[in-house]
Every structure is written in structure tokens, then in C-alpha cells.
Amino acid sequence: MALLEIRNLRKRYGTVEALQGLSLDVERGEFFGLLGPNGAGKSTTINILLGLIIADSGSIRIFDHDFASNHVAIRRRMNVAAAFTSMNGVLTVWENLMVYGRIYGVKQLPRKIDELLERFEITDLAKRRLQHLSSGQHTRVTLCKGFLNDPELLLLDECTLGLDPDIAEKTRRALQAVQQERKTTILFTSHNMNEVEELCGRIAFLSQGEILRVDTAAHIKRLIPHQVVEVAFQAGSDLTLIRQLPGISRIERNGEHALRFVLDDPTHQLDPLLRHLTQSGNPIVDIHVSRPTLEDVFIKVARGEL
Amino acid sequence: MRFVNSQDYGFSTMAIWGLVYKFTCLCYRSLDRIFDIVYWPVISLLLWGFTSMFIASTSSFAGVMEFFLGGAVLWSLFWRAQTDVGTFILEDFWSRNVYNLFASPVTSIELFAAIGLIGLIRCILSFLFLTFLAWGLYAFNIMDIGGTAIAAFTSVLLLFGWVIGILIAALIFRYGLRIQILAWSVGFIIQPFSCVFYPLDSMPGWVQGIAITLPSTHVFEGLRYAIATGELAWQPLLLSFGLTAVLFILSIAYFQYALYQAKKLGLLTRFEMA
């Protein structure tokens, strides 16, 4: 049985339909990504799961309990870390974590706070007021809050926003370590596609309040079937013969002696193309094959091309 | 999710303690929160103290000092209780903490229990400070009316202050920070109708009609009666206590409704972005 079951969730704001019957299952221990352009419904989904927004219709079951009638008990077993939120600025990091630790009923709280501060490498910030921290430091405090109660379900909304690449990498490692140690189920949203691909086992791709596809990153990237092959030759090439090859949707000149091929079915077209080019008598000096990235899929979804 | 849900009325003492700890930290870390325990009450005491000294020196109105100073000290309790609810709720809006707070398992009962506890401590501090100041400056001791009377008057005013504070908090959740001024200004609207410094029957008939519905009016009428006769008028006081208790329950219900509406309209997350 899935840890999180969302069925036919609908939410409308005036004339805008933010969620149009969204259904989703997330299994226990999964690191699950929610992807989609702005306005796709990611934040609305997360906010409904937190009880901050009430859906118009649909049902949510978390830990095999109906969320609507058990939301207080369920929220004790989950948590959230969202980059754009804050805690009390005039309180120190330690004080803020003490407040939330008590609200979540955390036992041996001081020891727990010490452990998390150390894991996210911000022990030295414990006595600093939150309002005096940089955005990267603030983000790591938010993550500490998210893990305070050892949540069974953790919602991470853009939680690595504002981190420099080094700290972002360390944070991803820490997230993976904690998730694997505790088998925490994580629902993760980010606009950093590499991060989503690296962390998430499965991804739900949302667009206009609907799920386009739930799959692994590798499978989602196949939503864009074509590959791009860029070939540089020693001399200029005659395109007439190449154009006769089947399945090449586009050929473009890419500089004086280079060509760019867009293959619709690379599995079957790459080999014939390369054979043809190597036999053409014009030596190849460089070749580059680009596979579609998650970002390519994202851009196509955002532009309504998928 | 329904508007009335039994789990919203449960509470955890650890969560209440967590929130009390937060409000305590906010009080000692913020000069504003320390300052407002004494600043306005002292201004009010000085103003009415000197006014009553002047009236006493130019007329034969017996007990003017007691009437005015008693009113000023007790009014400060209502004002403190009412503004504390609004201010402590607003602190979470100002610091963009609404998202994290309401995503946590905290219930409205826990929130108001914590605000009530910290508010009670602040009210007691403010009351004791004013009592000593009134005694030192004007030789007026409000405790002369007796411990029972003080307990009765203060409990009605505290509860009524919380009622108004909770209603303002509900409106802030429904309409956002653009109406935050209500947290400080509503007390000034209620004051003229509460007969703090003058008797009910001295006011025009239509104003009396409004005044009689306010629990605070019966407290200040009772205070003047106690000062004049040394006795406590129990009947109107018990009625006003009952009325305040009913209003308190209604204010909690209205807060729950406003919170439900804010969640239906997706306002809680928009406050965070603001």
C-alpha cells in the first residue's frame, strides 16, 4: 500500500483550475520528484498535503489514514522545508528549532538539534538570530527544521534554492544520507533538473494541474524521442545525398564545415547515418551526440509542445 | 476538511509550552514587546491622574481620583489582553512564519492557550506596575476594593479582551495585513462605549443601548459602585461574565471559520509570499 495516495484532487481559484483531478501514489521510502513549470500545480499540491489549502474535491490518504479527518495526527508524522518560508527572525536558530521541536513533540530535543546542526554544518550558527543569516544559511536551518521530528513523509519545496554549488552538493549528500538511514519518504520539487534527476527515483511531470507522466527520469526524457548529432568535417559537405536518408527530421549547417542532424528514431537511424557519413569521403574531425535532458522535456512542457 | 473538526480542539501541553517559549523569547528579544507592557498604561495613568487631581481641586466631586484611576488601571488590563492576541498573531505574519506554523500539527486551541498564558503574565506585570505607580504617585490603592472584586473585574476584562483580540486575529487571517491596524485601534473604539470614566446613565440614550451590551461597561459600573459603597454588585457582574464566556466561545468558532475560509481561498500561502 502506498504511503501517500492522492485521488482526483481538484482546486479552482476563480476561473483558474489549479488542479484538474490529480491522482498520485508515492511508495514508502521513495524519493519522489514533482516537476513542472510555474503554475503547473506543484505548490498547490504540496500546500494541500500540508493542510494550508483545502481542496475543492478529491481525497488524500497518508499513512493509510484519511487526511481530512486526521490531519493533526498525520502532520505530527510529516514535515516540510520550503525555501521561500521563514521562522521567527528575532529568535536564534536554536530557539526556533526548540519551538518547532516542542510543537512536533520531539523527544531528547537538544541532542536532536545538535545532531541536525552538525549534519547540515551550521553548528556555529546556533546562537545567531535568524534575521542575520544569509539565504543559504537560512535554507539549511529550514532543512534542520524539516528533519526535527524524523518525519515519515517530508515535503521539500525548492529547498536548495540560494545555496552555492558546494553547499548545494553537500546538502544533497546529507539529504540522501538521512533519507537512506531513516527510509524517509520525500516529495521533492525543484527547478534544478540535474538535482531532481540525481535525487529522485521517480518523477511526476505536471502541466496545467494535471500529471503528464509518472516515471523515472530516464523514461521521462524519452518523451522527446529525437537525438541531435553534430558532426564537423574536414571540408564542406554536399547535403543532397544525406537528405535522402529516411527519418532525419532536420539537417542544418552548423558553421562552415559542420552539420547538425535531428534524428526522430535514433535507435534505428544513428548507425545508418554514421555509416553514410564515414563512407562519404569527407573525413570527420569531430562528432557530438546530444540526448534530450530533463530540462529539454521541461522546456517543451512549459511551451506546450509536449 | 470540515470547518468544525474535533481534532482541531485537541491540545498537547508540549506544543503549548513550545509556543509559550516562542512568545517569551519574542518578549525579551524585542524592545517593543517590553516597552508596551508599561508605556501606554503609564501615559494613561498620568493623564487621568493629573486630570482627576485638577477636577478634585476645583469641585466637590467626592471620589473622583478613585473613579478615574481605577478606570485607567482596569482599562489597561483589557487593552493589554486585546492587543497581545493581535500582536502575537501578527508577529508570525511579519516574520513569514505563518506557513511553517500552520503546516505543523499546532491547533488553534494550542495557539490561543499559549497566547493566553503569556498574555496573562504580561497583564499581571502591567497591573502590578500600575498599581504600585498609582499608589506612589497619587496614594491610590486599587486593592482597597478587595481581592474578590479585583478578581471578578479582571477576569471579565481579560476574557473580553481576548474575545476582541481573537475576532481581530480572525479578520487578519481572512483579510490579511491590510487591516492589521485593527489590532491597536479597536480598543479605542470600544473605550467610549464602556463607561470607563463616566457612569452609564450620563450618556445619551442611543449610546446607552450600545454600552449595555458590552461586558466591560458592567465592570466599570461595578467598579464605581464598589468604590462608592464598598460592596460588589454581583448580578450584573455575573451576567457580564456569562455574556463574555458565550462571546469567547463564539469568537473561537469565528476564528476557526475565518481560518477555514483562508485555507479554502489559499490565503495562508499568499501571506507568506507577501
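On a predicted model such as this, the values are computed, not experimentally measured, just so you know.

Trainee: Sorry if this is basic, but what is going on with the sheet that holds strand E4 (residues 57–62) of chain A here?
Mentor: Each strand in a sheet pairs with another by means of backbone hydrogen bonds, the pair being arranged parallel or else antiparallel. Taken together, the 4 strands give an open sheet; going across it, the order is E2-E1-E4-E5 (chain A), and neighbouring strands pair in antiparallel fashion. The open sheet terminates on both sides in strands that have one partner only, identified here as strand E2 (16–26) and strand E5 (65–66) of chain A.

Trainee: Would you explain the pattern of salt bridges in this entry?
Mentor: Close approach of charged atoms allows side chains with opposite charge to pair. Within this structure, the stated rule accounts for 34 salt bridges over all chains. The closest approach of N and O atoms between A:Arg119 and A:Glu181, which form a salt bridge, is 3.0 Å. Of the two residues, A:Arg119 is situated in helix H4 (residues 109–119) and A:Glu181 in helix H6 (residues 165–182); the sequence distance between them amounts to 62 residues. As a salt-bridge pair, B:Asp84 and B:Arg80 come within 3.1 Å of each other at their nearest N and O atoms. Placement of both B:Asp84 and B:Arg80 in helix H3 (residues 64–94) is noted, with a separation of 4 residues, approximately one turn of the helix. On the accessibility criterion, B:Asp84 (2% relative accessible area) is buried. We classify B:Arg80 as buried; its relative accessible area is 1%. Sharing partners across several salt bridges, the network here consists of B:Arg33, B:Asp36, B:Arg80, B:Asp84, B:Glu91 and B:Arg122.

Trainee: Looking at this model, I keep getting lost on helix H2 (residues 31–58) of chain B. Mind explaining?
Mentor: Given 3.6 residues to a turn, an α-helix orients residues that are three or four positions apart in the same direction. All names here are of chain B. End to end, H2 covers 40 Å across 28 residues, agreeing with the expected 40 Å (1.5 Å per residue, within 8%). Of all the residues in H2, the buried ones are Arg 33, Asp 36, Ile 37, Pro 41, Val 42, Ser 44, Leu 45, Gly 49 and Ser 52. Of the surrounding elements, those touching the buried residues of H2 are helix H1 (13–29), H3 and helix H5 (108–138).

Trainee: Quick question: what am I supposed to make of the nonpolar core here?
Mentor: In this structure, A:Ile62, A:Phe188, B:Leu74 and B:Phe153 are the most contacted members of the largest nonpolar core, which totals 165 residues. When residues no more than four places from it in sequence are discounted, the contact partners of B:Leu74 are B:Phe127, B:Ile142, B:Phe153, B:Thr154, B:Leu157, B:Val219, B:Phe220 and B:Leu223. Counting 13 residues, the second largest nonpolar core, distinct from the first, contains A:Ile242, A:Ile248, A:Leu273 and A:Leu277.

Calculation notes
Residues numbered from 1 in each chain as written. Chains lettered and ligands numbered in written order. Predicted model: local features only at pLDDT ≥ 70, side-chain atom pairs only at ≥ 80, totals over all residues. Heavy atoms only, no water. Pairing = 2+ DSSP bridges. Helix = DSSP H or I, 4+ residues; strand = E, 2+ residues; numbered from the N terminus. Salt bridge = Lys/Arg side-chain N within 4 Å of Asp/Glu carboxyl O. Buried < 20%, exposed > 50% of the residue type's maximum accessible area, 1.4 Å probe, protein only. Expected span 1.5 Å × (residues − 1). Contact = heavy atoms within 4.5 Å. Core = buried A, V, L, I, M, F, W, Y, C linked by side-chain atoms within 4.5 Å.

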